[in-house]
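One-letter residues, chain by chain:
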Amino acid sequence: MLDVCLLGCGGMMPLPYRWLTSLLLRYNGNNLLIDCGEGTQIALKEKGWSPKPIGMILFTHFHADHISGLPGLLLTMGNAEKHDPLLLVGPRGLERTVKALLTIAPELPFEIEYKELEGDTEFTWNGYRVNAFKVNHNITCYGYSINIDRAGKFNVDAARSLDIPVQYWSILQKGEGVALEDGRSFTPDAVMGERRKGLKVTYTTDTRPTNSIVENARNSDLFICEGMYGEDDKLVKAREHKHMTFSEAADMARRAEVKEMWLTHYSPSLVNPREFLDRVRKIFPATKAGKDGKTVELDYEE
Ligand SMILES: [Zn+2]
Ligand SMILES: [Zn+2]
């Protein structure tokens, strides 16, 4: 089970009724955060969740509305006696940017590790497979697909007919090979069925629509996408500032054949995003307006 919580859904500045956009994922006791604008730790607190178990923060880019909440969050993690290392991931320049912010949050009781992205990258972290991909903003900006892969079913009959002792079964189930004392060795594919459909969440914000986003978001269970402007007549503005309209986001969701899309990163001038939904749902019916604290528990299909 993967818990997804959109902590905030605002762009540019936090408002009294809307925190800046940030996403929290929880899987198997390992929590990760995407983006951390001013006030993100208050949004977390409102939800009743501790920042302490967060082990990784992914940054889309270094505009203030996506990173300025970091020093305060780190201090709160320190006050909560976090001792496990924290991995930060983001565009090139991440370490320099964070170290500048750390001048106001020195002496933390945990290590910070850095992973700077040099173009589209895939890596794994505690059961998550993360795909980072470049999007199209006015500075370097990345989108992220977070995958929970699911192995095939273990075939007991195959394991018995191959005469593999029971003590080796769980190792094969974990995807590792085994070497038996009698000299025989087996790889997992000898006893594991076809890989089953896992879970996929894609998050993109601060970008124009791109084909790469559509390909990376393909078949996501949940696609969280920026919708800076509700009105189609703000397209010129969207192009100029490298953002997008609800309709453009919905068109990408339709092309990517995702199950559901949540809009986020609203312009401060966009007071009621829901008033544009009827029109947008003609493009992609499973469009929802993200709101602060919006949560879903994603589970495997069967
Ligand atoms: Zn932004
Ligand atoms: Zn930006």
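Criteria and cut-off values
Residues numbered from 1 in each chain as written. Chains lettered and ligands numbered in written order. Predicted model: local features only at pLDDT ≥ 70, side-chain atom pairs only at ≥ 80, totals over all residues. Heavy atoms only, no water. Donors = N, O, S within 2.8 Å, 3.2 Å for Na, K, Ca; no water. Tetrahedral: all angles 85-135°; square planar, octahedral: opposite > 155°, others 65-115°. Buried < 20%, exposed > 50% of the residue type's maximum accessible area, 1.4 Å probe, protein only. Core = buried A, V, L, I, M, F, W, Y, C linked by side-chain atoms within 4.5 Å. Helix = DSSP H or I, 4+ residues; strand = E, 2+ residues; numbered from the N terminus. Pairing = 2+ DSSP bridges. Axes fitted to C-alpha atoms, helices over the stretch in contact; angles between N-to-C directions. Domains from an automatic or database assignment.

1. As for the coordination of the zinc ion (ligand 2)
Listed as protein donors to the zinc ion (ligand 2) are H61 (NE2), H63 (ND1), H137 (NE2) and D206 (OD); their distances from the metal cover 2.2 to 2.3 Å. Around the zinc ion (ligand 2), the four donor atoms are arranged such that angles at the metal cover 91 to 169°; this shape is classified as irregular. All donors of the zinc ion (ligand 2) belong to a single chain; written as a sequence motif, their spacing is H-x1-H-x73-H-x68-D. Among the residues examined, H137 registers a relative accessible area of 9% and is labelled buried.

2. Describing the nonpolar core
If you look at the biggest cluster of nonpolar residues, it comprises 55 residues, and the most contacted ones within it are L2, L58, Y128 and Y144. No other element matches helix α9 (residues 246-256), which puts six residues into this core.

3. Here we look at the sheet that holds strand β5 (residues 86-91)
Taken together, the seven strands give an open sheet; going across it, the order is β6-β5-β4-β3-β2-β1-β16, and neighbouring strands pair in mixed fashion. A single partner strand is all that each edge strand has here, and the edge strands are β6 (112-117) and β16 (294-298). Taking each pair of neighbouring strands and ignoring which way they run, the sheet shows an average axis angle of 15°. Two elements, strand β3 (residues 30-34) and strand β4 (residues 54-58), share four bridges in a ladder whose sense is parallel. Residue pairing across strands places N31 opposite I54, the latter belonging to β4.

4. Focus on the domain arrangement of the chain
Taken as a whole, the chain is organised into domain 1 (2-149 + 195-298) and domain 2 (152-193). Here the C-alpha centroids of domain 1 and domain 2 sit 40 Å apart.

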